[in-house]
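The residues making up each chain are set out below.
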2 protein chains.
Amino acid sequence: MAPTSETLTAERILEATEEVLRRHGPAKATVVDVARALGVSHGSVYRHFRTKAALREAVTKRWLDRTSGQLSGIAEADRVPEARLREWLAALFAAKRRKAGEDPELFATYTVLTGENGSVVGEHITDLESQLTRIIQAGVDTGDFAAADAEASARAVFQATGRFHDPCYAKEWEEPGTEADFAAVVDLLVQGLRRTP
Amino acid sequence: MAPTSETLTAERILEATEEVLRRHGPAKATVVDVARALGVSHGSVYRHFRTKAALREAVTKRWLDRTSGQLSGIAEADRVPEARLREWLAALFAAKRRKAGEDPELFATYTVLTGENGSVVGEHITDLESQLTRIIQAGVDTGDFAAADAEASARAVFQATGRFHDPCYAKEWEEPGTEADFAAVVDLLVQGLRRTP
DNA sequence: CAGCTGACAGGTTTCAATATCTGTCATTCG
DNA sequence: CGAATGACAGATATTGAAACCTGTCAGCTG
């Protein structure tokens, strides 16, 4: 679109790739399209990314990292652990649901990309679980939570709330009653974490 | 295969359809194949099922009902509610995992079928949730569980354990650590249900 | 000379012609 | 007479040839 004469950088290629994916979708987005959007030949793109798969992987990582970054603020916040946990889970759900609802096609695109890039997604999940672990460990430290193994509990909480952040459930997020379902699951999990006197 | 001269019944057609689906998979299984397997013309099949979709739906229902039936025995068993709940959840997970592991192609076939038949799946889930509700209500009655709304709690438990029964996670069920993950989630949920003195 | 280009080989996708399937129904069969 | 058949129209799937894409590299350009 804009064949700016700035030097070609990995960052600019990623930007252009996101745009091409947004326009054409994951099935029809080609490396040639990306090069054309940048006003260069596709050979130049291959100077920065060894393969098309590597390019798509990098775009996926960028996208996931943005979510992680937003949530880490909450994980570190200076609040009572239970409130922090509830807020973090609500923010994760809200972020995913907003993305799925606002631009379903783009969300579908990234769902395809995450399906292709198991290891990047795995790292993202590890990251989210470690944020959760910090929250739960804080709760154990204050005596609010009883968890023999904060990491295992974090994993359990993350998996138990999968219905509210895993893309495979995206189409159900706008159904009525979803809010209540989310609240019920979170209440049950928080109750399970609480220290019983 | 065996063009027996018994009268053509819906039951025999369903049997043959399951066999054809097992052989050819969901994409290539045709009504003509089913008729051929029964030694009749495909017009005869349409006397019993209005459309191909209705036939596939009936097969799906049969398959799901078999699972429900197995589990209902546990739901009604004469045991302490907590043990019954744990056993029921473990049985659900074990049944799904066994089916997915023993014959992955057949499982994939049924995953496609359940994807096509939202309402039948919805009824199946309602059925499972009502079995769970009965277990949890029993726990409330004995004073073991504290749940303001047994039905809502049942729904929460069912959704929170989705990772261990929803087909979209099937490929992760054989990974190491899955048993431990399952145990951690169930422990957390049971702890959340327990009455806190 | 570092970075970019564009032609190219091998592989994948598209498209239109062809074959098959779904669902109906007038007719046949027992 | 009720159950089953098979020819048929319209819809869907398959196939093979042509178009396009990926990844490489010898050579061009600033």
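Residues numbered from 1 in each chain as written. Chains lettered and ligands numbered in written order. Predicted model: local features only at pLDDT ≥ 70, side-chain atom pairs only at ≥ 80, totals over all residues. Heavy atoms only, no water.

**Section: the protein's contact with DNA strand C**
Thought 1: Looking at DNA strand C, there are 14 residues lining it, with Ser41 and Ser44 of chain A together with His42, Tyr46 and Lys52 of chain B nearest.
Thought 2: For DNA strand C, the fraction of atoms within 4 Å of the protein that belong to sugar or phosphate moieties is 59%.
Thought 3: Contact between DNA strand C and Ser41 of chain A: a phosphate oxygen at 2.9 Å from a main-chain N or O atom of the residue.
Thought 4: Listed by contribution, the elements that provide at least two residues to the surface near DNA strand C are helix 3 (42-48) of chain A together with helix 2 (31-38) and helix 3 (42-48) of chain B.
Thought 5: Among the elements that line the surface near DNA strand C, the one with the most residues is helix 3 of chain A, at four residues.
Thought 6: Here the surface near DNA strand C is composed, by residue class, of five nonpolar, seven polar and two charged. (Near = heavy atom within 4 Å. Polar contact = N/O pair within 3.5 Å; in protein donor to acceptor, adjacent residues only side chain to side chain. Helix = DSSP H or I, 4+ residues; strand = E, 2+ residues; numbered from the N terminus. Nonpolar A, V, L, I, M, F, W, Y, C, P; charged D, E, K, R; others polar.)

**Focus on the packing of helix 1 (residues 10-28) of chain A against helix 2 (residues 31-38) of chain A**
All names here are of chain A.
Thought 1: Remark: helix 1 packs on helix 2, axes separated minimally by 9 Å, with the N-to-C direction vectors making an angle of 130°. What the angle tells us is that helix 1 and helix 2 run oblique. Here the hand of the crossing between helix 1 and helix 2 comes out right-handed. Across from Arg12, Ile13, Ala16, Thr17, Val20, His24 and Lys28 in helix 1, the residues of helix 2 making contact are Asp33, Val34, Ala37 and Leu38.
Thought 2: Looking at the contact of helix 1 with helix 2, its residues break down into six nonpolar, two polar and three charged. (Axes fitted to C-alpha atoms, helices over the stretch in contact; angles between N-to-C directions. Parallel < 35°, antiparallel > 145°, perpendicular 65-115°, else oblique. Left-handed = near helix turned anticlockwise from the far one by under 90°. Contact = heavy atoms within 4.5 Å.)

**Regarding the interface of chain B and chain A**
Thought 1: The interface of chain B with chain A comprises 21 residues on the first partner and 21 residues on the second.
Thought 2: Together chain B and chain A conceal approximately 1800 Å² of surface at their shared face, both sides included; 62% is due to carbon and sulfur atoms.
Thought 3: The largest per-residue losses of area from chain B upon contact with chain A belong to Gln159, Tyr169 and Leu188 of chain B, which jointly make up 31% of the total buried on that side.
Thought 4: Where chain B meets chain A, there are two salt bridges.
Thought 5: In this structure, the salt-bridge partner of Asp181 of chain A is Arg155 of chain B, at a minimum N-O distance of 2.9 Å.
Thought 6: Our count for the chain B to chain A interface comes out at six residue pairs in polar contact (both at pLDDT 80 or more).
Thought 7: Put simply, the parts of the chain that give the side of chain B that touches chain A at least two residues each are helix 8 (150-160) and helix 9 (178-193) of chain B. (Buried area = accessible area lost by both parts, 1.4 Å probe. Salt bridge = Lys/Arg side-chain N within 4 Å of Asp/Glu carboxyl O.)

**Quick notes on the relation of the copies chain B and chain A**
Thought 1: The two copies are related by a screw motion: chain B maps onto chain A through a turn of 180° and a shift of 0.0 Å along the axis, at an RMSD of 0.0 Å. What the rotation and shift describe, once combined, is the action of a two-fold rotation axis. When C-alpha distances to the rotation axis are compared across chain B, the minimum falls at Gly192 of chain B, with a value of 1.8 Å.
Thought 2: Take the interface residues of chain B: 100% of them recur as interface residues in chain A, which is what a same-surface contact looks like. (Least-squares fit on C-alpha atoms with pLDDT ≥ 70 in both.)

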